[in-house]
Amino acid sequence: MTESFPRLHAKTRRFTLGVPRDFTISPAGDRVLFLRTRSGTDPVTCLWELDVATGEERLIADPRTLGADEENLPPEERARRERKREAAGGVVAYATDERAGKAVFALSGEIHLADLATGEVRRLATAGPAVDPRLDPQGARVSYVTGGALHVIDLATGADTVLAEPESDTVTYGLAEFIAAEEMNRMRGYWWSPTGDRLLVARVDESPVALWHIADPANPDRPPVPQRYPAAGTANAEVTLFVIGLDGSRVAVPYDQEYLVTARWDRHGLVIVTLSRDQRSMRLLAVDPATGATTLLREDTDPAWVEIIPGVPARLDDGRLVWVADAEGGRRLIIGSEPVTPPSLQVRAVVDVDGDTVLFQASGEPTEIQLWLYSGGRISPLTTEPGVHAGRRTGGVSVISRQSLDTEGVSVTVVRPDGSTVPVRSVAERPGIEPRVTLLRAGDRELTTAVLFPSWHVPGSKRLPVLMDPYGGPHAQRVLAAQRMFLEPQWWAEQGFAVVVADGRGTPGRGPAFEREIRHDFTIALEDQVDALRGVAERYPDDLDLSRVAIRGWSFGGYLAALAVLRRPDVFHAAVAGAPVTDWRLYDTCYTERYLGHPDEGHYERSSLLGDAEKLERPLLLIHGLADDNVVAAHTLRLSSALLAAGRPHTVLPLSGVTHMTPQEVVAENLLLLQLDFLKRALGL
């Protein structure tokens, strides 16, 4: 008997296991390193190498043969994986030297070094459980963090030197703070110099940050876990920078703005990017490593906020700056100081700079992400087939991954300099379900929307209950031309629903103005869901039953689902709200203040759910992981208390030991089934 979709969906971590990822191309373009599990149901990630000339793969490191223990992770590594939404185990991150001749990675707090020429993998002795090991560019030393202290191991002698040791239990050196990892996609806290004799190191002091406690009510014998959480309007961690030499020298690098966005140290010099607390000013600063003095290279400002773009800053071989900025209504690639892409092409990320060639992701059509090249003063598409593309480029060799609506899973191809190709094998499980997706522009605002019907549904034969399945918030997109985005929605459709997924104002891909419309008011996301629903109903008048409309979502989508039944019971008849933000004062500084401003500015009440508790007249299921350290369980508990005080019946499903993710197989499977049962009963199906 084959496994059910909910079980397989959970077992495969949403069909991500077995997909090759995290590619590194050697400078000569002759080898490609990557991560992949051995099968589509194996959660243990291995390190592999592909020979570009022959297409042959070689297994470099299998954690099972190295004695890895996934239960014995340092708390800093668990936190890093949670911030990164890492669902697998094993080798989930690695780093190489400049030549890609060696690779280093951590397993269960132990550092392993792989010699990629011989294939030998050996464990390095460390002073304690290690986090974020990195090779210096020359491959002579390995740095790592343990107990908040930054260490360096000399590979020739084995000597372990402490470069920076925390002065108190609230201080760490070399780690990214919560806000950097959760909201700015900065997962690291130190950077090697090109010559390997110094490092730029972030010192993080969390003492100003409010101390919260994450309790485990199912195990009352265990003490609550303390956590420093920077809620909106409160203090952030203090992040300071130092250039620290291997000789013990230390040079402070002062900067004025609140947030350290990123840093880059290459042969063109050391630069850092900083962001003001209100996020309306971003600065690119050149740093003199000898003195710590900074020089302003560029400042971008915006009356709403300046968007953080992955992959910048970078430099061409001739030293010209590679940057991305909003100009003339578009998000544009900047070379030197000149925009080189048209405003109609929305740049999403700079992926790589290979000599004088820039590989970047961009969208003309918001449901697609294509790869583009800038070279010799011109831009040209690297990919043109419909779908969602990602990639890397070094030494004239490109790695291209593609998802689309007409192909299953993720295909990965290595493109050699002569244009010939070699595939990188995926061993992901087949989902056993084929999304029947129609992408359209719905409503007065022409919102990008996906509509899915059951495979057995005959158009016009029956009006089906509707399930809205949004994320709907800023900085994330659900409606993309990729099958994997719609596997779960199609399963819901097979249960008898017409499923509608809509991206409203605030979501990326349609330009800066569209994203900024959500500023100071998250409730417009609800207006857009209603607009999209009406637009779809106009197109399918004989297929949608608007007297039975449900909505479900997680995180911002959970907030949106609860908001829907509280404020628009005339449209929505039942909701499942997973890990919802119910009071934005309880969410973090960087995300919340970017969109709503400081709490003192008065934009929070309108977007809060707590004041609407007495309005509930529809069935509402609240789901929350009690170990969630991102959207803490207090959000659901406070809304539940307000509903109880207002005498409004509702259902709460607490998940013991579950964080903001739900990687546990049984939990993830049964969550789908319990939601289905709730919605069927709520809609009288």
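Above this text you will find the structure in question.
K.L.:
If you had to explain the packing of helix 4 (residues 487–494) against helix 10 (residues 665–683) to someone new, which residues and values would you point to?
P.N.:
Following both chains from N to C, one finds helix 4 and helix 10 inclined at 40°, their axes separated by 12 Å at the closest point. As judged from the angle between their axes, helix 4 and helix 10 are oblique. The handedness of the crossing between helix 4 and helix 10 comes out as right-handed. Packed against helix 4, whose contacting residues are E488, W491 and W492, the element helix 10 presents L672, L673, Q675, L676 and L679 at the interface. Split into classes, the residues belonging to the contact of helix 4 with helix 10 amount to six nonpolar, one polar and one charged.

K.L.:
Give me the environment of A627: which residues, what numbers.
P.N.:
Following the sequence through the fold, A627 ends up in the loop between strand 43 (620–625) and helix 9 (634–645). Of the residues examined, A627 reaches a relative accessible area of 24% and is grouped as partly exposed. Taking the C-alpha atoms as reference points, A627 and I214, 413 residues apart in sequence, are found 6.3 Å from one another.

K.L.:
Any details on the environment of G330? Residues and values, ideally.
P.N.:
With respect to the helices and strands, the residue G330 is situated in strand 27 (residues 330–335). Discounting residues that sit within four places of it in the chain, G330 has contacts with A325, P343, Q346 and P512.

K.L.:
Go over the sheet that holds strand 6 (residues 95–96), please, and point to the residues and values.
P.N.:
Sheet architecture is open: four strands sit in the order 6-7-8-9, paired in antiparallel fashion. One side of each edge strand has no neighbouring strand; the edge strands of this open sheet are strand 6 and strand 9 (121–124). Inspection of the sheet shows strand 6 paired to strand 7 (residues 102–107) by two bridges, in the antiparallel sense. In the strand pairing of strand 7, A95 is matched with V104.

K.L.:
Summarise the pattern of salt bridges; cite the residues concerned and give the values.
P.N.:
Scanning the model with the defined rule gives 58 salt bridges in all. Of the charged contacts, one joins R21 and E86 as a salt bridge, the two residues approaching to 3.2 Å between their closest N and O atoms. On the criterion of sequence distance, the pair formed by R21 in strand 1 (residues 21–25) and E86 in the loop between helix 2 (75–84) and strand 5 (89–90) is long-range, its members being 65 residues apart. Classification of R21 by relative accessible area gives partly exposed; the value is 23%. According to the relative accessible area criterion, E86 is buried, its value standing at 10%. Between D326 and R331 there is a salt bridge, with the nearest N and O atoms lying 2.7 Å from each other. In the salt-bridge network here, residues are joined through shared partners; they are R445, R505, E517, E527, D528 and D531.

Cut-offs and rules
Residues numbered from 1 in each chain as written. Predicted model: local features only at pLDDT ≥ 70, side-chain atom pairs only at ≥ 80, totals over all residues. Heavy atoms only, no water. Axes fitted to C-alpha atoms, helices over the stretch in contact; angles between N-to-C directions. Helix = DSSP H or I, 4+ residues; strand = E, 2+ residues; numbered from the N terminus. Parallel < 35°, antiparallel > 145°, perpendicular 65-115°, else oblique. Left-handed = near helix turned anticlockwise from the far one by under 90°. Contact = heavy atoms within 4.5 Å. Nonpolar A, V, L, I, M, F, W, Y, C, P; charged D, E, K, R; others polar. Buried < 20%, exposed > 50% of the residue type's maximum accessible area, 1.4 Å probe, protein only. Pairing = 2+ DSSP bridges. Salt bridge = Lys/Arg side-chain N within 4 Å of Asp/Glu carboxyl O.

Nothing here speaks to function; it is all geometry.
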